[in-house]
Amino acid sequence: MRRQLKAWLKAGIMEDDRLSPTTAGTPQGGALSPLVALIALHGLDEAITQVYPQARVIAYADDGVGLHEDRLVLDQSQPLLMTWLAQIGLPLNEAKSCLTHTLEGGQPGVECLGFHIRQYRVGKHQSGKRSNGQRLGCKTLIKPAKANRKAHLAELGGIMQRGTALSQGALIHQLNQKIRCCIRKP
């Protein structure tokens, strides 16, 4: 596996029938970038769960989220994360990384894959449950991220502005196509 990855990373980039050599890494948006990120996130998951067995790292393409119910464990796992990344020659991007709680703090919740995930304290009849039936005392709410909602509404507004000469039925048809598209593909 390592030999194949090294070969892919050194293969170069073909653009406009020209081969450009690569010195390190993969181009942003390239087909190999998510694969390399997933391999790294898998290794990161193994490194963290060896030290903190209850922690979880969830990865999708080149996005990842580390989860644990105790904030102190997350605080202690950040230096572990930085050390592990340094061992494979990668820095932690501080601008794209954050340590947050989904229930408490000034800005509770986390943004991942275009969604905002947050927990709210609720009464015993609305509470989520653990796998053993024990009540959590909170409910998880997942909704589209604010930036995604804003972009979607702007797109719908643009359709309405461009459709002023359309009949009401034609305009509704165009809006429905966009709304249905977003429902199927978040």
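Quantities reported herein were computed from a predicted structural model and do not represent experimental measurements.

Rules of the game
Residues numbered from 1 in each chain as written. Predicted model: local features only at pLDDT ≥ 70, side-chain atom pairs only at ≥ 80, totals over all residues. Heavy atoms only, no water. Axes fitted to C-alpha atoms, helices over the stretch in contact; angles between N-to-C directions. Helix = DSSP H or I, 4+ residues; strand = E, 2+ residues; numbered from the N terminus. Left-handed = near helix turned anticlockwise from the far one by under 90°. Contact = heavy atoms within 4.5 Å. Nonpolar A, V, L, I, M, F, W, Y, C, P; charged D, E, K, R; others polar. Buried < 20%, exposed > 50% of the residue type's maximum accessible area, 1.4 Å probe, protein only. Core = buried A, V, L, I, M, F, W, Y, C linked by side-chain atoms within 4.5 Å. Patch = residues over 30% accessible without salt bridge, like charges linked within 9 Å, V, L, I, M, F, W, Y side chains within 5 Å. Areas by Shrake-Rupley, 256 points an atom, 1.4 Å probe, with all protein chains shown as cover. Salt bridge = Lys/Arg side-chain N within 4 Å of Asp/Glu carboxyl O. Lys, Arg positive; Asp, Glu negative; His and termini not counted. Charge placed at Lys NZ, Arg CZ, Asp CG, Glu CD. Pairing = 2+ DSSP bridges. Expected span 1.5 Å × (residues − 1). Bend = angle between axes of the 7 residues up to and from the residue. Polar contact = N/O pair within 3.5 Å; in protein donor to acceptor, adjacent residues only side chain to side chain.

*Asks:* Please explain the packing of helix H1 (residues 2–10) against helix H2 (residues 32–51) as it appears in this structure.
*Replies:* Any two packed helices are characterised by how steeply their axes cross, that is the angle between the axes, and by the distance between the axes. Packing of H1 against H2 brings their axes to within 12 Å, and their N-to-C directions diverge by 145°. You can see that H1 and H2 cross each other, and the crossing is left-handed. Counted together, Leu5, Trp8 and Leu9 of H1 and Leu32, Leu35, Val36 and Ile39 of H2 form the full contact between these two elements. Of the residues contributing to the contact of H1 with H2, the split by class is 7 nonpolar, no polar and no charged.

*Asks:* I'm lost on the environment of Arg3 in this one. Help?
*Replies:* Here Arg3 is to be found in helix H1. We classify Arg3 as exposed; its relative accessible area is 76%. When the C-alpha atoms of Arg3 and Val73 are compared, they prove to be 35 Å apart, with 70 residues separating the residues in sequence.

*Asks:* Where do I start with the nonpolar core in this structure?
*Replies:* Within soluble globular proteins, side chains that are nonpolar generally end up buried alongside one another. Core analysis: the biggest nonpolar cluster contains 12 residues, these being Ala40, Leu41, Leu44, Ala47, Ile48, Tyr52, Ala55, Val57, Val73, Leu81, Trp84 and Leu85. Among the elements of the structure, H2 and helix H3 (71–87) are those that each provide at least two residues to this core. By residue number, the principal contributor to this core is H2, which donates 5 residues. In this structure Ile48 touches Ala55, Val57 and Leu80, once residues within four positions along its chain are discounted.

*Asks:* So what exactly am I meant to see when it comes to a positive patch on the surface here?
*Replies:* There is a patch of like positive charges on the surface, built from Lys143, Lys146, Arg149 and Lys150. Mapping Arg149 onto the fold places it in helix H4 (residues 146–162).

*Asks:* Teacher, can you tell me more about the sheet that holds strand S5 (residues 110–112) here?
*Replies:* Paired through backbone hydrogen bonds, the strands of a sheet run either parallel or antiparallel to each other. Spatial strand order, S5-S6-S7: 3 strands in an open sheet with antiparallel pairing. Every other strand in the sheet has two partners, leaving S5 and strand S7 (138–144) as the edge strands with one partner each. With strand direction ignored, the average angle separating the axes of adjacent strands in the sheet is 25°. Here 3 bridges tie S5 to strand S6 (residues 115–121), and the two strands are oriented antiparallel to one another. Pairing of Val110 across the sheet is with Ile117, part of S6.

*Asks:* Whenever I open this one, H3 confuses me. Can you help?
*Replies:* The periodicity of an α-helix, 3.6 residues per turn, causes residues three or four positions apart to be oriented the same way. Taking 1.5 Å per residue as the helical rise, H3 with its 17 residues ought to reach 24 Å, and the 25 Å between its terminal C-alpha atoms agrees with that figure. Residue Ser77 marks the point of greatest curvature in H3, where the axis turns by about 25°; the proline Pro79 follows within four residues. Every buried residue belonging to H3 is among Val73, Leu74, Ser77, Leu81, Trp84 and Leu85, and all of these are buried. Among the structural elements, H2 and strand S4 (63–67) are those in contact with the buried residues of H3. Taking the backbone nitrogen of Leu72 as reference, a side-chain oxygen 3.1 Å away marks Asp70 as the first, capping residue of H3. A positive backbone phi angle near 85° is found at Gly89, which sits one or two residues after H3.

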